[in-house]
Amino acid sequence: RSRTLWAAAGLVVLVIASPGFNTPLLYFQRDTLGFSKQFIGNLGLISALFGMLGALIYGLACRRFGLRTLLTLSIIVHAGGTLVYLLYRTPSSAIVITAVEGIAQTMAVLPLYDLAARATPRGSEALGYCIMMSVWNFTFGLSDWFGSLLMARYGLNFKDLVWVNSGTTAAVLLAIPFLPRALTDKKDAE
């Protein structure tokens, strides 16, 4: 019955629903760029390490800025971070871009989790987390499928998917003004 929790879940859907390119990226890395499986695995490690750096940055930022500001900035950072994939051509560029995207992706996700935590009614924290993770997992899988469909059936190439993903992510900025102010206008320290 919590409208705030469903509003938070809706924002997660909007952010994650951008046509994904995880599977197309794997094929681009292997088939076009000729990266080895080991190198692709190493890129996953780099993404995780820089994701932890993004979490540290968010931990500092959430004490200084309200959640509405952080949500806005995170979506801008995520949409901009996605655009760096347009320069994805060599192993060196892949390493740098993977690091940037690791930070950008974490910076996009953590404000959503923060919003979900604030939106969940007291005593229902586990249910709130379950709803957010379910929405996240379903939408993420659907997003990757849709991005792959656009590439396979409609002839978009990898760079086209990057533009579509970044643009649809940026469009989520239009939804932020509709979030309840009671959830978004406080800093974490408050």
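Residues numbered from 1 in each chain as written. Predicted model: local features only at pLDDT ≥ 70, side-chain atom pairs only at ≥ 80, totals over all residues. Heavy atoms only, no water.

*Asks:* Give a detailed account of the environment of Ala 9, specifying residues and quantitative values.
*Replies:* On the secondary structure map, Ala 9 appears in helix α1 (residues 3-16). Distance from Ala 9 to Gly 128, taken between C-alpha atoms, is 9.3 Å for residues 119 residues apart in sequence. Residues contacting Ala 9, with those up to four places away along its chain left out, are Ile 131, Met 132 and Val 135. (Helix = DSSP H or I, 4+ residues; strand = E, 2+ residues; numbered from the N terminus. Contact = heavy atoms within 4.5 Å.)

*Asks:* Account for helix α2 (residues 22-32), naming residues and giving values.
*Replies:* Of the residues making up α2, those classed as buried are Pro 24, Leu 25, Phe 28 and Gln 29. End-on, the buried residues of α2 take up no more than an arc of 140 degrees, which puts them together on one face. Buried residues along α2 sit against α3 (37-64), α6 (125-154) and α7 (158-171). (Buried < 20%, exposed > 50% of the residue type's maximum accessible area, 1.4 Å probe, protein only. Arc of directions from axis to C-beta.)

*Asks:* Can you lay out the packing of aromatic side chains for me, pointing to particular residues and giving the numbers?
*Replies:* Summed over the entire model, instances satisfying the criterion amount to 9 aromatic pairs. Centre to centre, the rings of Phe 21 and Tyr 85 are 5.1 Å apart; their planes meet at 75 degrees, and the pair counts as edge-to-face. With Phe 21 in the loop between α1 and α2 and Tyr 85 in the loop between α4 (67-83) and α5 (91-119), this pair connects stretches of sequence that are 64 residues apart. Given a relative accessible area of 8%, Phe 21 falls into the buried group. Judged by its relative accessible area of 7%, Tyr 85 falls in the buried class. The interplanar angle of 10 degrees and the centroid separation of 4.5 Å between the aromatic rings of Phe 28 and Phe 158 together place this pair among those described as stacked. Of this pair, Phe 28 sits in helix α2 while Phe 158 is found in helix α7, placing the two residues 130 residues apart along the sequence. Across the pair, exposure class does not vary: Phe 28 and Phe 158 are buried alike. (Phe/Tyr/Trp six-rings, centres within 6.5 Å; stacked < 30°, edge-to-face > 60°.)

It is worth stressing that arrangement in space is one thing and function is another; only the former is reported here.
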